[in-house]
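# A closer look at the structure
One letter stands for each residue in the lines below.
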Amino acid sequence: MRTFFFFLSMMFSESTFAQVNAVTISGAVKNKTDKSSMPYVNVVIKDSKDSSFVSGTVTNDEGRFSIENIKPGNYILEMSFAGFETIEQPLFIGSLSEFLDVPVVELEQKVTALEGVTVTAQSGGIGNKLDKKTYSVADNISQSGGSVLQSMQNLPGITVQDGKVQLRGNDKVTVLIDGKQTALTGFGSQTGLDNIPASAIDKIEIINNPSSKYDANGNAGIINIVMKKNKQNGINGKAGLSTGFGALWVRNENLSTIRPQYTFTPKINPSLSLNYRKDKINIFLQADNLYTHTLNKNEFVTRIYDDGAIIKSQLKRNRNTNFLTTKAGVDWTIDDQNTLTLSGMYGSEKIIDRGDQPFFNGDLSSRSRLWQFLEDELKTTAMATAAYQHKFKDAGHLLNAGFNYTFHREDEKYFYDNYLPESRGTDAFKLLSDEQVYDFNIDYIKPLKYGRIETGIKLRNRSIPTNMNFIPGANSVLDTSAGGWATYKELIPALYGNYIFENEKWEAELGLRVEHVKIQYDVNPDHSTYKSDGYNYTQPFPNLRLAYKLDDNNKFSVFYNRRVDRPNEVDIRIFPKYDDAEIIKVGNPALRPQFTNAIELGYKHNWNNNYLYTALYHRFAEGTITRISSVVPGSTLIYAIFQNAGKSYNTGIEAVWSQNITNVYSFNLNGNIYRNQINAFTVENLYPRPNTFSADEQTAISGNVKLNNTFKFSKGWNAQLTAVYLAPDIIPQGRILSRFSIDAGLKKAVQKGNGEVFFNATDLLNTMVIRRQIQGMGFNYTSDDYYETQVIRIGYSYKF
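Residues numbered from 1 in each chain as written. Predicted model: local features only at pLDDT ≥ 70, side-chain atom pairs only at ≥ 80, totals over all residues. Heavy atoms only, no water.

## Concerning the overall build of the protein chain
Helix and strand counts for the protein chain stand at 3 helices and 48 strands. Its C-alpha radius of gyration of 29 Å places the protein chain within 12% of the 28 Å reference for a compact globule of 800 residues. Dimensions of the protein chain, computed from C-alpha atoms along their principal axes, come out at roughly 105 × 60 × 50 Å. Residue burial in the protein chain is summarised as follows: out of 800 residues, 54% are buried. As displayed, the protein chain has an accessible area near 32,800 Å², and 56% of this comes from carbon and sulfur atoms. (Helix = DSSP H or I, 4+ residues; strand = E, 2+ residues; numbered from the N terminus. Rg over C-alpha atoms; globule rule 2.2 N^0.38 Å. Buried < 20%, exposed > 50% of the residue type's maximum accessible area, 1.4 Å probe, protein only. Areas by Shrake-Rupley, 256 points an atom, 1.4 Å probe, with all protein chains shown as cover.)

Given below as structure tokens:
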């Protein structure tokens, strides 16, 4: 921990806070006498320091003008026309919007002069705006050729645990694709990130404090995955191919009598991006396929029961995955004010798991049983999107309307062979789930003299009918009525408004989102434990940001927002499923939403294209959702069921330090330290029969440090070396111990910059092992998971 605090005192990454460096200035000029529009007026922007020319234009037939690509700062706006008084007025361009609509300027014939007017514009998406940070996937050399999840694990503020990303130690993260929730990444609870190819992604945006225009779910924040899309004229594109191998050797030998674990696992990722643009039409296509073999899990467990019994086991899972994603569409610029985009996305994820789990006594002298399984899953996703945008005459004044339809099918088959000393049995499952989601939204944006307003409505209708066919084998531990059907229905209308203000010293953002949620969960009436259930609520979700700029290099900010985490359908799904041979996972239809209030204080200091950003944050949650593991009297089976555990708290400090040392070397250091607390609670698990579980208050101080070193050599060579340390932390009913890894990558531009080759290696020292200590009611266990972490890859891409 002393080393951890030493690193924390410094601070991290190659990535930079999202920065929009160009603003479009627009406005109108009229004759003061008769209020008529004035064409052909000269409009000039000059530097406020020396009055040097920056940019200029003339008004059109309607008296309007527009000047693009002006950097944020202080300027002088000059307007002149023969026979009229020339007007000069201060022009302040801020940092919260890409557009500035100057209030109407009225010129009068050489009589009096207009007084100076101070106007503001904001450059959208920069560092302190909602603490939004943007990272280019192409810059993450050490993770090129892998999945989106692997690309994220080196980003500041993000950690990865159990296949999910965490922001500041919290996995309640909403993941979007191109600003929308999708079945690929989950509607609410995140999913599937380890199978989406990083080659399909342009950039990743992290928003720790979302405004009211975003859906209210996800108390830890939002991660927006922006897919590749080109708009260059003519025909152009990019093709790439990467390959690699993982699990280069056996890190811990198998227990006896089971099948070999995967080694030297292949990875193949071809990708293709095409674009054609001519006149008013832009057609785009992005296709990627990620094929991998992976040692997905290799967990060695020692389980001790209160009666003194000791069981040692190994859970090994060899996984084959093929994930195909294709996105295509067309942008039609109807005219200067109207644009229509039609697009579709298709994803196919095929997963086959072959696993083994032997159980031995404490000294490994006798095997009591062997459990082998085959999971065969096919997940198919199809999306259709229509988006319309109307641009009003003043820049940045927009009306957006969109419709999105998603179909997602889960077709899963499971076969579990249970080898006992005197018998063998096979449990077989067939699960089919067809999810359909309809989303409709209207958003309106109006630039103002000192900021802008945003408002809109959204409607979601979601339905998930699920059928489970269960064929129990001999000696099955599950009840024979574990199958059946259930239907999840979700209706969410929402309304939001957001006001943004800025002048030379102050920035403010005030928003409110109101959501009405109606959830209905219909259950097979013959189910032995659960009955049809649901809930509804209408709740406000406010957000506030206030910032004060001491000068151009120093800014203080304060954030507040209220958010919710609704149980996902799989969290309440009534059908039991093996997590391993003696751990049964089952949903809880009585699970209710978790509401969270968060506050953050931030400070950012800039100097010579370097920066230091620090944040102190606190979250308070009611109805904390967590998975509870307990045993039923008379059985050694562990049932893992989601419950609302009561109140929890997360308080911490995070810092990001980005520094260019020379033209060759720069680094980015990120440190995060936080305190987690879950209050004492008591809950009742109903499945397979009622039993009460109690837990004492649980606290831990944890955090992480990431150091990202970047080297830019001559002749197109670039290199990256990343080190990550994760301190011990609490998890439901236990602790996860510290972890450490080093990743490295090398990239070179070839073929006059049109081509690129890369080589990288993850977990160079093979040190990333997941170690857990769990204390349950009636048992405790320790585990070491030697899953695949070390992977080497090589790849090539070419732009044409």
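## Comments concerning the sheet that holds strand S34 (residues 625–631)
Pairing is mixed across the open sheet formed by 4 strands, whose spatial order is S30-S31-S35-S34. Pairing within the sheet leaves two strands with one partner each, and these edge strands are strand S30 (577–580) and S34. Shown here is a sheet whose adjacent strand axes are inclined to one another by a mean of 35°, direction ignored. Of the strand pairs in this sheet, S30 and strand S31 (residues 583–586) are connected by 3 bridges, and their pairing is antiparallel. Looking across to S31, one finds that Lys 577 is bridged to Lys 585. (Pairing = 2+ DSSP bridges. Axes fitted to C-alpha atoms, helices over the stretch in contact; angles between N-to-C directions.)

## Some thoughts on the pattern of salt bridges
Per the counting criterion, the structure on display carries 43 salt bridges. Among the ionic pairs, Lys 213 bridges to Glu 454, the shortest N-O distance being 3.9 Å. In this pair, Lys 213 sits in the loop between strand S15 (201–207) and strand S16 (221–227) while Glu 454 sits in strand S25 (residues 451–471), placing the two residues 241 residues apart along the sequence. For Glu 454, a relative accessible area of 5% puts it in the buried group. In this structure, Asp 579 engages Lys 585 in a salt bridge whose closest nitrogen and oxygen atoms are separated by 3.7 Å. Salt bridges linked by common partners bring Asp 215, Asp 439, Lys 458, Arg 460, Arg 513, Glu 515 and Arg 566 together as one network. (Salt bridge = Lys/Arg side-chain N within 4 Å of Asp/Glu carboxyl O.)

## Details of the nonpolar core
Trp 371 and Phe 429 are the most contacted members of the largest nonpolar core, which has 55 residues in total. Per element, the largest residue contribution to this core is 5 residues, and it comes from strand S35 (residues 638–644). Formed by 27 residues, the second largest nonpolar core is a distinct cluster that contains Met 152, Ile 206, Ile 225 and Phe 323. (Core = buried A, V, L, I, M, F, W, Y, C linked by side-chain atoms within 4.5 Å.)

## Digging into the packing of aromatic side chains
If you walk through the whole model with that rule in mind, you get 28 aromatic pairs. Between Tyr 416 and Phe 429, the ring centres sit 5.8 Å apart and the planes meet at 80°, which makes this aromatic pair edge-to-face. Taken together, the positions of Tyr 416 in strand S23 (residues 398–419) and Phe 429 in strand S24 (residues 424–448) put the pair 13 residues apart, joining distant regions of the chain. Both residues of the pair, Tyr 416 and Phe 429, count as buried. Members of the aromatic cluster, joined through ring pairs, are Trp 371, Phe 373, Tyr 414, Tyr 416, Phe 429, Phe 470 and Tyr 578. We note Arg 369 situated over the ring of Phe 359; from NZ or CZ to the ring centre the distance is 5.1 Å. Above the face of the Phe 642 ring, Arg 627 is positioned so that its terminal group lies 4.0 Å from the ring centre. (Phe/Tyr/Trp six-rings, centres within 6.5 Å; stacked < 30°, edge-to-face > 60°. Lys NZ or Arg CZ within 6 Å of the ring centre and 35° of its normal.)

## Notes on the side chain of Asn 289
Residue placement: Asn 289 occurs in strand S19 (residues 281–305). On the accessibility criterion, Asn 289 (18% relative accessible area) is buried. Within polar-contact distance, the side chain of Asn 289 engages the side chain of Asn 322 at 3.0 Å. Dropping the residues within four chain positions of it, Asn 289 is found in contact with Pro 197, Ile 268, Asn 269, Pro 270, Asn 322, Phe 323 and Leu 324. (Polar contact = N/O pair within 3.5 Å; in protein donor to acceptor, adjacent residues only side chain to side chain. Contact = heavy atoms within 4.5 Å.)

## Some remarks on the environment of Asn 475
Relative to the helices and strands, Asn 475 is located in the loop between S25 and strand S26 (484–502). In this structure, the C-alpha to C-alpha distance between Asn 475 and Trp 506, residues 31 residues apart in sequence, is 69 Å. Contact partners of Asn 475, with chain neighbours within four places excluded, come to Asn 418, Leu 420 and Ser 423. Within the local environment of Asn 475, its side chain forms a polar contact with the side chain of Ser 423, the two groups lying 2.7 Å apart.

## Quick look at empty space enclosed by the protein
The computed volume of the second largest cavity comes to approximately 90 Å³. Grouping the amino acids of the lining of the second largest cavity by side-chain chemistry returns 7 nonpolar, 7 polar and 2 charged. (1 Å grid on protein atoms, 1.4 Å probe; cavity = no way out; pocket = protein on both sides within 12 Å on 5 of 7 lines; lining within 4 Å. Points joined across faces, edges and corners; volume = space filled by probe spheres on them. Nonpolar A, V, L, I, M, F, W, Y, C, P; charged D, E, K, R; others polar.)

## Things to note about unusual backbone geometry
The step from Tyr 687 to Pro 688 runs through a cis peptide bond, and the omega angle for that step is 0°. When you line up the elements, Pro 688 lands in the loop between strand S38 (681–685) and strand S39 (691–695).

## What about the layout of surface pockets?
What the second largest pocket holds in volume is close to 900 Å³. Contributing to the lining of the second largest pocket are 40 residues, with Ala 138, Lys 228, Lys 238, Glu 756 and Ser 797 lying nearest its centre. For the lining of the second largest pocket, the elements supplying multiple residues, two or more each, are S15, strand S17 (234–246), strand S18 (265–278), strand S45 (755–762) and strand S48 (791–799). For the lining of the second largest pocket, the element with the most residues is S17, which contributes 7 residues. By residue class, the composition of the lining of the second largest pocket is 11 nonpolar, 22 polar and 7 charged.

## Let's talk about the confidence of the model for the protein chain
The share of residues in the protein chain with pLDDT of 70 or more is 94%, and the mean pLDDT across the chain is 87. In the predicted structure, residues 112–131 sits below a pLDDT of 50 and forms 101 contacts with residues beyond four places in sequence or in another chain. (pLDDT = per-residue confidence, 0-100.)

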